[in-house]
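# Observations on chain architecture
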Amino acid sequence: MIHEFDAVVVGAGGAGLYAALETSSKAKTAVVSKLYPIRSHTGAAQGGIGAALGNVEEDKPEWHAFDTVKGGDYLVDQSAAIILAEEAVQAVYDLENRGLPFNRTPDGKIDQRRFGGHTRNFGETAVRRSCYAADRTGHMILQTLYQQCIKNNVSFFDEFQVIDVMLDGRRCGGVVAVELATGDVHVFRAKAVLFATGGFGRMFKITSNAYANTGDGPAVLARRGVPLEDMEFFQFHPTGIRGMGILITEGVRGEGGVLRNNAGERFMERYAPTLLDLAPRDMVSRAILTEIKAGKGIRGDRQIDDYVLLDATLLGKEVIQAKLPEIAGFCKTYLGLDPAEQPMPVQPTAHYAMGGIPTDVRGRVVADGEGDMYQGLYAAGECACVSVHGANRLGTNSLVDLIVFGRRAGRHMADFVRQVDLLSLGEEASASKERIAELTDGKRGSHGAEIRETMEAVMMEKVGIYRNDKQMTRAVDRLQELRQDYRDVRMQDTSKRFNTELLEILELGNLLYLSLITAESARNRKESRGAHSREDYPERDDANWLKHTLTWLAGDVIRIGYKPVDISIWKPKPRKY
Amino acid sequence: MEVTLEIQRFNPETDTKPAFSHYQINVQPTDRILDALMQIKRLQDGTLALRKSCAHGVCGSDAMRINGKERLACKTLVQDVVGSDSAPIRIEPLRDFPIERDLMVDQQTFFEKYRSVKPFLINDDPVEQKERIQSPEQRRAFEDATNCILCSACFSACPVMETNPQFLGPAAIVQAARFLDDSRDMGFEPRLPILDGPNGVWPCENHFACTRVCPREIKITKLINQTKRKIKKYRESPGGKMNDRR
């Protein structure tokens, strides 16, 4: 089946819905999503959205931008960080005006709390910048945006999995998707396409990410020759529930919770004397792993799956009930404990991809390191790399990124589609149909579970928080083998309707693709910066590595290039907290 | 530990009616039922069809009946539902929905009812300040309803739905209440025709089945009764004190 639209948005999380709201009033728009929109992973974001409203103490967007740049270990494009911080303020007011139920101050304004790496006056002390709705801010954002889409009659194609993009040179002409309900392949011709497919944390064994976070957008584009940027930078959030990876928001520490080792020591005093437990996530995750390796984890066996304790008992029941109710619920359900009475067992969990599809500040996809652009191709949200997160994202900035750059991309698309015609590209769906036919060609093969488990373990153990050349070389080799094995994967399920196994297998292919690019990008970057920590190159090396990585994957070979970093405002300095 | 899952299967391409399949698996007592289902899907039977995403009870994808009760598979641990007598754990799709396949049900009607209550802030007044001012008490008034993740567990549990499939249902009323109780909203009258219609709030008979199964622990029946009282109050003095100036 062939559909024609002005604009197609792939993905229905925060960035996709915000963009759709912007374009749908001006252009014929479809949202194509593999999940029902309200199931998207934006809904799992907890702690808040950062914006210098100054509602509870003095704050300025300039401080927010600086914190973002320093938090990202100076790999952030600084003009983009200014846009992020300045537009965050109006974005939060817009969300409130559209009904988002933020927590309130006693005088009825949006309340704000502390969050990791957010400071006043360029690093003096922690500042209250995170606007929050209990500890389900993402849920409220997703609900509010979906509500607005209903109000504005946005068209949705729910449970359509995008499997290919139609490109004619550097011009985008639409996407190809498979419909879960029927198994039919659909062509969506469009003048502009926005990818907002979210993250890909499912390449790691322990992750806070949803099953759906398989990087479909970046993988689909990479297969068609679009570069990916800074894929070596993957954030491990310091506090996931031990063994499960379920996120325990940084808001716990923002409200006063502290991390402790097996001696009961508040060990962050030794790693970040000023910001303590509210240091950026990469530093806290490394500190936890360093404690564990020194035998100071709770078991004390120095294994990487050891854990530490997050102590929120000093907050009291009332604060936890009012400001962290979800966390209390998770602890009750999965750990059988009450965080007001007992500390929580936590370990770092794979959380957020700083890298992704390279874009400019209007969401347009970048084609190379020389500033050439694709036409009619956009990306926003976690799947994109503007880059406002650099080598390490600050807490609350993912939600800011979604709203600010989702809106910007939507606005630019709405203008762009007025200036161009639809492309006709001939046999658009044939490659996709062949790919699906291959999986059901009657040959017997594995159905991928072992490949998935091995990939998750390899990425966790060899391309995790601490990295070195030897381990990453092994990871690259193993991932190449897994990609070979993947060619023999076949479906057991031969039905067309609601064939969820087909989606699982396509998703696994995407994850394998992105795992390999992540491992190879990480092996290539011979320095330590932000979330990328090399045991064999422990220092940041601005002379050689103050640049973005671009990768192209052709067949089995990865080609690496670079893109300059915008450091036009603040000169890189050593990063201390 | 060894457990048996007894899963209701139905493939519209090959089956005329649902039937149960049994699967034996090895799990930890603290594993989620979703972990058990995914282990079956990935290692034993790739044809098993279910929805899932966040895996920690916030996205609402995997509501199903577990031992006869509506639950989220990702928020239910094996130890919560396994009996001491090694009886199988029974897994079935939600009731009162057309089955698409296995544990997947068609939620189209559910979402249509949700949309019918105009689930968005209705207030066309220009905002005088940057944000609309709302006190912490006013914010608390609708806190409970904002927890809804539209998983449809309440819909399946509601006994009224069996006899009156036209009933608006618990989730849609919760979503309406979320706005009726919001001091910023002025949409009482626009929502009244649906809520006060014969299939609006009135068919609810206070069985509390929705409240008992809600995985978000929303006091649904209470919110339905509050909404009924609001409508009665409005009938007594139309146009007055209903958060609505039109």
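Each remark here, short or long, concerns the structure printed above.
Residues numbered from 1 in each chain as written. Chains lettered and ligands numbered in written order. Predicted model: local features only at pLDDT ≥ 70, side-chain atom pairs only at ≥ 80, totals over all residues. Heavy atoms only, no water.

Glancing now at the sheet that holds strand S1 (residues 2-9) of chain B. Residue and element names in this part refer to chain B. Spatial ordering of the open sheet is given by S2-S1-S5-S3-S4, a layout of five strands whose pairing is mixed. The two strands at the open ends of the sheet, each matched to only one other strand, are strand S2 (19-26) and strand S4 (69-72). Adjacent strand axes in the sheet meet at a mean angle of 35° when their direction is disregarded. Pairing geometry for strand S3 (residues 63-66) and S4, over four bridges, is antiparallel. For Ile 66, the partnering residue across the bridge sits in S4 and is Lys 69. Its contacts with the sheet place helix H1 (residues 33-44) against S1, S2, S3 and strand S5 (89-92), and it is angled at close to 95° to S2. (Pairing = 2+ DSSP bridges. Helix = DSSP H or I, 4+ residues; strand = E, 2+ residues; numbered from the N terminus. Axes fitted to C-alpha atoms, helices over the stretch in contact; angles between N-to-C directions. Contact = heavy atoms within 4.5 Å.)

Let's shift gears to the interface of chain A and chain B. Interfaces are often sized by the amount of accessible area the parts lose when they come together. Counting from both sides, the interface comprises 62 residues of chain A and, opposite them, 65 residues of chain B. For the pairing of chain A and chain B, the buried interface totals around 5,300 Å² over both sides, and the portion due to carbon and sulfur atoms is 49%. A per-residue breakdown of the area chain A buries against chain B is headed by A:Arg39, A:Tyr211 and A:Phe498, which together make up 14% of the total. Our count for the chain A to chain B interface comes out at eight salt bridges. The shortest N-O distance in the salt bridge between A:Lys332 and B:Glu217 comes to 3.7 Å. (Buried area = accessible area lost by both parts, 1.4 Å probe. Salt bridge = Lys/Arg side-chain N within 4 Å of Asp/Glu carboxyl O.)

Another aspect to go through is the environment of A:Leu309. All names here are of chain A. In this structure, Leu 309 sits in strand S13 (residues 308-311). Separated by 51 residues in the primary sequence, Leu 309 and Val 258 place their C-alpha atoms 8.3 Å from one another. Those residues in contact with Leu 309 that lie beyond four places of it in its chain are Val 258, Leu 259, Arg 260, Ile 298, Pro 343, Met 344, Pro 345 and Val 346.

Residues and elements named next belong to chain A. The antiparallel open sheet is built from three strands, whose spatial order is S3-S5-S4. Each edge of the open sheet is held by one strand with a lone partner, namely strand S3 (49-50) and strand S4 (112-120). Together, S3, S4 and strand S5 (125-131) form the strand contacts of helix H2 (residues 61-71), whose direction differs from that of S4 by roughly 60°.

This part covers the nonpolar core. Buried together is how nonpolar side chains tend to be arranged in soluble globular proteins. If you look at the biggest cluster of nonpolar residues, it comprises 130 residues, and the most contacted ones within it are A:Ile49, B:Leu5, B:Leu37 and B:Ile91. Setting aside chain neighbours within four positions, we find B:Leu5 in contact with B:Ser21, B:His22, B:Tyr23, B:Ile25, B:Ala36, B:Leu37, B:Ile40, B:Ile89 and B:Ile91. Counting 83 residues, the second largest nonpolar core, distinct from the first, contains A:Phe5, A:Val458, A:Val489 and A:Leu506. (Core = buried A, V, L, I, M, F, W, Y, C linked by side-chain atoms within 4.5 Å. Buried < 20%, exposed > 50% of the residue type's maximum accessible area, 1.4 Å probe, protein only.)

Before going further, it helps to examine the pairing of S4(A). Each regular strand carries side chains that alternate between the two faces of the sheet. Residue and element names in this part refer to chain A. Counting buried positions over the nine residues of S4 gives seven, a clear majority of the element. Relative to S5, S4 is paired through five bridges, and the arrangement is antiparallel. Bridge pairing in S5 places Arg 113 opposite Ser 130. Count of turn residues in the S4/S5 antiparallel hairpin: four residues, of which Asn 121 carries a positive phi of about 50°.

Another aspect to go through is the environment of B:Cys204. All names here are of chain B. Within the fold, Cys 204 resides in the loop between helix H8 (188-195) and helix H9 (209-213). Cys 204 gets classed as buried once you look at its relative accessible area, which sits at 12%. As for Cys 204 and Met 161, which are separated by 43 residues in sequence, their C-alpha atoms are 9.2 Å apart.

What follows concerns the pattern of salt bridges. All names here are of chain A. For the coordinates displayed, the defined rule picks out 75 salt bridges over all chains. Notably, a salt bridge pairs Asp 282 with Arg 575, separated by 2.9 Å at the nearest N-O pair. Here Arg 575 lies in the segment after strand S22 (557-564) and Asp 282 lies in helix H8 (residues 281-293), a separation of 293 residues in the sequence. An identical accessibility class is assigned to Asp 282 and Arg 575; each is buried. For Arg 529, the salt bridge goes to Glu 527, with nearest N and O atoms at 2.7 Å.

Residue and element names in this part refer to chain B. A cluster of basic residues, Lys 219, Lys 222, Arg 229 and Lys 232, forms a positive patch at the surface. Considering the arrangement of structural elements, one finds Arg 229 in helix H10 (residues 220-236). On the accessibility criterion, Arg 229 (52% relative accessible area) is exposed. (Patch = residues over 30% accessible without salt bridge, like charges linked within 9 Å, V, L, I, M, F, W, Y side chains within 5 Å. Areas by Shrake-Rupley, 256 points an atom, 1.4 Å probe, with all protein chains shown as cover. Lys, Arg positive; Asp, Glu negative; His and termini not counted. Charge placed at Lys NZ, Arg CZ, Asp CG, Glu CD.)

Locating A:Arg483 in the fold gives a position in helix H14 (residues 469-486). In contact with A:Arg483, other than residues within four places in its own chain, are A:Leu512, A:Tyr513, A:Leu516, A:Leu553, A:Gly555 and A:Asp556.

To continue, consider the pairing of S1(B). All names here are of chain B. Of all eight residues that make up S1, seven are buried, and the element is covered over most of its length. Of the pairings in the sheet, the one linking S1 to S2 comprises eight bridges and is antiparallel in character. What sits directly across from Glu 6, in S2, is His 22. Here S1 pairs with S5 via three bridges, running parallel. If you follow Glu 6 over to S5, its bridge partner there is Arg 90.

Here we take up unusual backbone geometry. Of note, the bond from A:Val386 into A:Ser387 is cis; its omega dihedral lies within 30 degrees of zero at 10°. With respect to the helices, strands and loops of the structure, A:Ser387 is situated in the loop between strand S18 (384-385) and helix H11 (397-416). Phi angles above zero are rare outside glycine, and A:Asp230 is one such case at about 50°. Tracing the backbone shows A:Asp230 in the loop between strand S10 (228-229) and strand S11 (234-241). One non-glycine residue with positive phi stands out, namely B:Glu217, at about 55°. When you line up the elements, B:Glu217 lands in the loop between H9 and H10.

So, about the side chain of A:Arg525. All names here are of chain A. Structurally, Arg 525 can be placed in the loop between helix H15 (500-524) and strand S20 (533-534). Classification of Arg 525 by relative accessible area gives buried; the value is 0%. A polar contact is formed between the side chain of Arg 525 and the side chain of Glu 527, at a distance of 2.7 Å. Excluding residues that lie within four positions of it along the chain, Arg 525 makes contacts with Leu 75, Asp 230, Glu 232, Phe 233, His 532, Arg 534, Trp 545, Lys 547, His 548 and Thr 549. (Polar contact = N/O pair within 3.5 Å; in protein donor to acceptor, adjacent residues only side chain to side chain.)

What follows deals with helix H3 (residues 78-97) of chain A. Residue and element names in this part refer to chain A. The end-to-end C-alpha distance of H3 is 29 Å, a good match for the 28 Å that 20 residues give at a rise of 1.5 Å each. The largest bend in H3 amounts to roughly 35° and is located at Ala 88. Along H3, 14 of the 20 residues are buried, which leaves the element largely enclosed by surrounding structure. Gly 99 sits one or two residues past H3 and shows a positive phi near 115°. (Expected span 1.5 Å × (residues − 1). Bend = angle between axes of the 7 residues up to and from the residue.)

Applying the stated rule across the entire model yields 21 aromatic pairs over all chains. Between B:Phe110 and B:Phe111 the ring centres are 5.4 Å apart and the planes differ by 85°, which places this aromatic pair in the edge-to-face class. An angle of 50° between the planes, with centres 5.1 Å apart, marks the rings of B:Phe188 and B:Tyr234 as tilted. Of this pair, B:Phe188 sits in helix H8 while B:Tyr234 sits in helix H10; the two residues are 46 residues apart in sequence, bridging distant segments of the chain. By relative accessible area, B:Phe188 is classed as buried at 3%. Look at B:Tyr234 and you get buried, because its relative accessible area is 14%. In this structure an aromatic cluster arises from ring pairing among A:Tyr36, A:Tyr146, A:Phe156, B:Phe97, B:Phe110, B:Phe111, B:Tyr114 and B:Phe155. Of note, A:Lys70 hangs over the ring of A:Tyr577, and the distance from its end group to the ring centre comes to 4.2 Å. (Phe/Tyr/Trp six-rings, centres within 6.5 Å; stacked < 30°, edge-to-face > 60°. Lys NZ or Arg CZ within 6 Å of the ring centre and 35° of its normal.)

Everything listed here is a matter of geometry and, on its own, says nothing about what the molecule does.
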